[in-house]
Structures are given as C-alpha cells and as structure tokens.
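Per-entry structural report
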Amino acid sequence: MAGIDHKIRLVVLISGRGSNLQAILDGATSGVLPVEIRAVISNRPDAYGLERARQAGVPTAVVDHTAFPDRQTFEAALRQRIDAERPELVILAGFMRILSAGFVEHYRGRLLNIHPSLLPKYRGLHTHERALAAGEREHGASVHFVIPELDSGPVIVQARAPVLPDDDPDTLAARVLAREHRIYPLAIRWFAEGRVRMQGDNVLFDGQLLTSSRLLEDEQE
Ligand code: NHR
Ligand code: GAR
C-alpha cells in the first residue's frame with residue numbers, strides 16, 4: 001500500500017485540455033511523484049489530454065458517454081475500464097461528467113477532484129465568472145476527496161489567487177490554473193506517501209484531523 005518508496009497505481013479521468021494531467025505526467029516522469037500512471041481515460045474522444053498521455057507513453061482509453069443510452073450504462077463501462085487497472089487512487093482532472101452516488105461510493109477514499117474555487121464557495125460550473133460577478137478579491141482552487149454530493153467532499157489543500165481589477169474570466173482562470181498545477185501534484189504525493197486519507201467527513205493529515213487553518217498551500221511545508 002502507500003509508503004515512501006512504493007509507487008501507487010493511478011488512473012486519471014479527463015474530459016479536455018489536460019493541463020493538470022500534464023503537471024502529473026511531469027511529476028511522474030521526474031520522479032517527484034511516486035505514482036505509476038496506469039491509464040488516462042477520457043469521456044470525450046477529442047480531448048487534447050489523450051495526446052499528452054500518448055506523448056508521455058501512458059496508455060489511454062476513451063469511454064464516450066454519448067455512445068451509451070444512459071448514465072448508468074456509461075458508468076458501468078467506465079468503472080470496468082478503471083478497475084481493470086486495480087488503481088489505489090483515481091483522480092478527476094477536468095473531468096466534466098457528474099458521477100452517481102453508487103460510482104463514487106465504489107471509490108470511497110480513493111477518488112480525488114480538483115475544483116477551481118475556494119470551496120465551499122462556488123460549487124459547480126462557471127466558478128471564475130461567478131467569483132468576478134460577486135466582486136471577490138480572492139479566488140483559488142481546491143483538491144478534495146469526492147463524495148456523492150457535488151464538490152462537497154473533504155478538502156485536502158487549497159491555493160489562493162488574487163482577483164485583479166482588470167480580470168476577465170480567462171485571465172482569472174489562468175492565474176488559478178497555475179496554482180492548480182502546484183497543488184494537485186502535492187495532494188497526490190501526500191496521498192501516495194500515506195500522509196492523507198479520508199476518515200468519515202474529514203481528512204486526516206499525518207494522522208491528525210485537518211482543520212481549515214492548515215489547508216492553504218502557502219502555509220504548508
Ligand atoms: N461527481 C460527484 N458525485 N461528486 C463530485 O464532487 C464530482 C462529481 C463529478 C465531477 C468535477 C466537477 C467540478 O469540480 C466532479 C465532481 C461536472 C459538472 C457538471 O455539471 C459539475 C461539476 C464537476 C464536473 N457536468 C454536466 C453533467 O451533466 C456536464 C457538463 C459538460 O459536459 O460540459 O454531468 O466542478
Ligand atoms: C481546471 O481548471 C479544473 O479545475 C476545472 O477544469 C479545468 C481543467 O483544465 N475542473 C472543473 O471545472 C470541473 N468541473 P485541464 O483540463 O487543463 O486540467
């Protein structure tokens with residue numbers, strides 16, 4: 001299982017561009033991330049992240065949700081493809097399909113997501129537009145364990161980004177994304193080293209209950 005010198009078996013689910021995937025591929029290649037990326041799986045055949053995986057020599061698969069009659073049969077196929085790799089960790093990296101409670105429960109404690117907001121603020125979609133419309137001066141991103149309720153699982157780490165006066169959704173998203181590329185590999189490394197785990201509705205970090213004052217990346221390490 002997890003430990004300092006063991007590489008965990010990781011499956012990455014994507015839907016698009018895959019820049020977070022790239023940060024993880026780079027971490028695995030350079031050796032800073034103790035993961036063996038078993039597969040990158042996309043629900044969209046045209047996701048650019050598939051090309052990034054191929055470039056890195058990582059196996060890819062497509063489970064195209066439009067080819068299935070309903071969410072249930074799509075998820076059964078997705079689950080079968082994931083479980084063929086016997087992953088110790090599954091991560092959503094810009095994966096854009098809501099997952100059913102049954103699917104999420106199957107991966108309880110070993111399914112992570114990165115969400116572009118300072119949760120619990122701005123769950124769901126269009127977070128940058130909504131943060132700007134609300135006049136926020138600070139925004140960011142969160143890595144959390146996935147539970148059935150959308151974007152509500154226990155948070156492992158967050159990074160803040162300032163909102164600047166001339167920001168539009170694209171400039172703000174780019175600033176947040178740069179932080180995402182730091183905190184996702186960090187959270188995955190902690191998980192792989194056995195330092196973080198989900199216990200009930202909480203995250204344990206080195207065996208201690210993680211409290212909100214410890215969540216910000218700038219204050220870690
Ligand atoms: N599933 C569960 N059960 N819990 C979470 O926390 C999940 C999840 C599935 C995906 C990622 C997520 C995010 O970080 C995520 C977290 C897609 C939608 C969405 O509305 C919402 C949140 C997230 C991902 N998707 C539409 C749907 O009908 C489709 C949108 C599209 O295809 O562009 O699934 O914010
Ligand atoms: C990232 O900003 C990620 O946080 C967000 O989509 C982007 C994916 O970029 N995820 C969601 O909004 C989930 N609903 P990437 O494909 O370049 O990693």
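Presented here is a report on the structure given in the accompanying data block. (Residues numbered from 1 in each chain as written. Chains lettered and ligands numbered in written order. Predicted model: local features only at pLDDT ≥ 70, side-chain atom pairs only at ≥ 80, totals over all residues. Heavy atoms only, no water.)

Let us look at the side chain of Asn113. Here Asn113 lies in strand β5 (residues 111-115). Overall, the relative accessible area of 9% leaves Asn113 in the buried class. One polar contact links Asn113 to Asp151, side chain to side chain, over a distance of 3.5 Å. In contact with Asn113, other than residues within four places in its own chain, are Leu92, Ser142, Val143, His144, Val146, Asp151 and Tyr184. (Helix = DSSP H or I, 4+ residues; strand = E, 2+ residues; numbered from the N terminus. Buried < 20%, exposed > 50% of the residue type's maximum accessible area, 1.4 Å probe, protein only. Polar contact = N/O pair within 3.5 Å; in protein donor to acceptor, adjacent residues only side chain to side chain. Contact = heavy atoms within 4.5 Å.)

Inspection of every chain in the model, using the stated rule, returns 4 aromatic pairs. Consider the rings of Phe103 and Tyr107, whose centres lie 5.1 Å apart with planes at 50°: the pair is tilted. Its relative accessible area of 3% is what places Phe103 among the buried residues. (Phe/Tyr/Trp six-rings, centres within 6.5 Å; stacked < 30°, edge-to-face > 60°.)

Taking strand neighbours across the sheet as the criterion, the 3 strands line up as β8-β9-β10 in an open arrangement whose pairing is antiparallel. The open sheet has two edge strands, β8 (196-199) and β10 (208-209), and neither has a second partner. (Pairing = 2+ DSSP bridges.)

Among the 8 residues of strand β2 (residues 35-42), 6 are classified as buried, and the element is accordingly described as predominantly covered. Looking at chain direction, strand β1 (residues 8-14) and β2 are connected through 7 bridges and run parallel. The residue bridging Ile8 from the neighbouring strand is Val35, located in β2. One crossover worth recording links β1 to the parallel β2 by way of helix α1 (residues 19-30), and it is right-handed. Strand direction decides the pairing type here: β2 and strand β3 (residues 60-62), joined by 3 bridges, are parallel. Residue pairing across strands places Val40 opposite Thr60, the latter belonging to β3. (Right-handed = clockwise from strand over helix to strand, strands pointing away.)

Moving on, we come to the side chain of Asn20. Note on placement: Asn20 falls in helix α1. Not counting residues within four places of it along the chain, the set of residues in contact with Asn20 comprises Ala93, Ile114, Leu177, Glu180, His181 and Tyr184.

With 12 residues, α1 should reach 16 Å at 1.5 Å per residue; the first-to-last C-alpha distance of 17 Å fits that figure. Restricting attention to buried positions, one finds in α1 the residues Ser19, Asn20, Leu21, Ala23, Ile24, Leu25, Gly27 and Ala28. Tucked into the core, α1 has its buried residues touching β1, β2, α2 (48-55), β4 (89-92), β5 and α6 (169-192). (Expected span 1.5 Å × (residues − 1).)

Strand order across the open sheet formed by 7 strands is β3-β2-β1-β4-β5-β6-β7, with mixed pairing between neighbours. For this open sheet the edge positions go to β3 and β7 (155-162), each flanked by a neighbour on one side alone. Between one strand and the next, the sheet's axes are offset by a mean angle of 20°, whatever the strand orientation. As defined by bridge partners, strand β6 (residues 138-145) adjoins β7 across 7 bridges and the pair is classed as antiparallel. Residue pairing in the sheet places His139 in a bridge with Ala161 of β7. Against the sheet, α2 engages β1, β2 and β3, with an angle of about 155° to β3. α6 rests against β1, β2, β4, β5, β6 and β7 of the sheet, and its axis sits at about 155° to β7. (Axes fitted to C-alpha atoms, helices over the stretch in contact; angles between N-to-C directions.)

Looking at ligand 2, the residues that line it are Arg17, Gly18, Ser19, Asn20, Gly94, Met96, Ile114, Pro116, Leu125, Leu177 and Glu180. Ser19 places a polar side-chain atom, nitrogen or oxygen, 2.6 Å from an oxygen atom of ligand 2. Between ligand 2 and the protein, one listed contact pairs an oxygen atom with a backbone N or O atom of Asn20 at 2.9 Å. The protein chains hide 86% of the 440 Å² of surface that ligand 2 would expose on its own. With respect to the detected pockets, ligand 2 is housed in the largest pocket. Elements with a minimum of two residues in the shell around ligand 2: α1 and α6. The class makeup of the residues in the shell around ligand 2 is 5 nonpolar, 4 polar and 2 charged. (Near = heavy atom within 4 Å. Areas by Shrake-Rupley, 256 points an atom, 1.4 Å probe, with all protein chains shown as cover. 1 Å grid on protein atoms, 1.4 Å probe; cavity = no way out; pocket = protein on both sides within 12 Å on 5 of 7 lines; lining within 4 Å. Sits in = over half its atoms within 2 Å of the grid points. Nonpolar A, V, L, I, M, F, W, Y, C, P; charged D, E, K, R; others polar.)

The immediate surroundings of ligand 1 are formed by 21 residues, with Ile98, Leu99, Asn113, His115 and Asp151 found nearest. Here an oxygen atom of ligand 1 and a backbone polar atom of Ile98 are 2.8 Å apart. A distance of 3.0 Å is found between a nitrogen atom of ligand 1 and a backbone nitrogen or oxygen belonging to Ile147. Expressed as a share of its isolated accessible area of 720 Å², the protein-covered part of ligand 1 is 84%. In a pocket analysis with a 2 Å cut-off to the grid points, ligand 1 is assigned to the largest pocket. Ranked by residue count, the leading element in the shell around ligand 1 is β5, at 3 residues. Here the shell around ligand 1 is composed, by residue class, of 12 nonpolar, 4 polar and 5 charged.

Purely geometric stuff here, so don't read any function into it on its own.
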